[in-house]
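Take a look at the letters that make up each chain.
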Amino acid sequence: MSGEHSWDAPPSEGEPGEAPGSLRFIEEFVNSVELPDGEDHLGTVEDAVRWLTARHIDAEGLDETARAGLVDLREAFRDLLAANAGHPVPQETINMVMHRLNDIRLAVVITEQGAHAHPAPDEKGENVFLGTLAAAMITASVYGTWQRLKICRNDECRWAFYDRSKNGGRVWCSMQSCGCQSKSRAYRERKRTASVDAAG
Ligand SMILES: [Zn+2]
């Protein structure tokens, strides 16, 4: 257990648009690739070790199977967070995440500010990472911040973003890049349909 990172802290205000507290850990995990064909920080074993090490996770001995498992888990989290933007989540996805995280033991840490969950001290390597994800998810669910971490509705983007809007109704990571693009696409489609109708 180390006090070097802030992932185990209760939610605090982050930068605008960034998820608060430990939920940012999940946001960064999901955004470790830029879809559809951008850089993937978990793309090779070497990249994944670097990415985890930067987050104070001991990734020594991480192999290709473990790396591929992390990528599968990342995409399952992306599907899970899409629910917060109103998309249905397949039950297999929920089961898969539950199965991966249920094997990890969490410890309760008591401080002057109260209690929070943390990977058990004897968990090692990848399990510390999975435990940190589980603890962050529990904390965010309790604080009610989980529902605001969403996946952009643009199918080509699917970036995770934290919705700080008053009504919690944001569906695009950015209005400029995704919202407008989608609006103009819908406009073009409507126009095309209209002209087909007129021609028919
Ligand atoms: Zn987007």
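Quick caveat: nothing in here was measured; it's all calculated off a predicted structure.

A. Quick look at the pairing of strand S2 (residues 114–119). Direction of pairing for strand S1 (residues 106–111) relative to S2: antiparallel, over a ladder of six bridges. Looking at the pairing, Thr111 lines up with Gly114 of S2. Hairpin remark: S1 followed by S2, antiparallel, with two residues in the connecting loop.

B. View of unusual backbone geometry. Omega for the bond connecting Leu35 with Pro36 falls within 30 degrees of zero, at 0°, which places this linkage in the cis form. Along the polypeptide, Pro36 turns up in the loop between helix H1 (23–30) and helix H2 (45–53). Of note, the phi angle at His56 is positive, near 60°, even though the residue is not glycine. Residue position: His56 is located in the loop between H2 and helix H3 (64–82). Of note in this structure, Arg158 is not a glycine but carries a positive phi near 50°.

C. Geometry of H3. With 19 residues, H3 extends 27 Å from end C-alpha to end C-alpha; this agrees with the ideal 27 Å at 1.5 Å per step. All of the buried residues along H3 are Arg67, Leu70, Ala76, Phe77, Asp79, Leu80 and Leu81. Those residues of H3 that are buried lie in contact with H1, H2, helix H4 (91–102), strand S3 (149–151) and strand S4 (160–162).

About the cut-offs
- Residues numbered from 1 in each chain as written.
- Predicted model: local features only at pLDDT ≥ 70, side-chain atom pairs only at ≥ 80, totals over all residues.
- Pairing = 2+ DSSP bridges.
- Helix = DSSP H or I, 4+ residues; strand = E, 2+ residues; numbered from the N terminus.
- Expected span 1.5 Å × (residues − 1).
- Buried ≥ 20, exposed ≤ 12 C-beta atoms within 10 Å, placed from the backbone.
- Contact = placed C-beta atoms within 7 Å.

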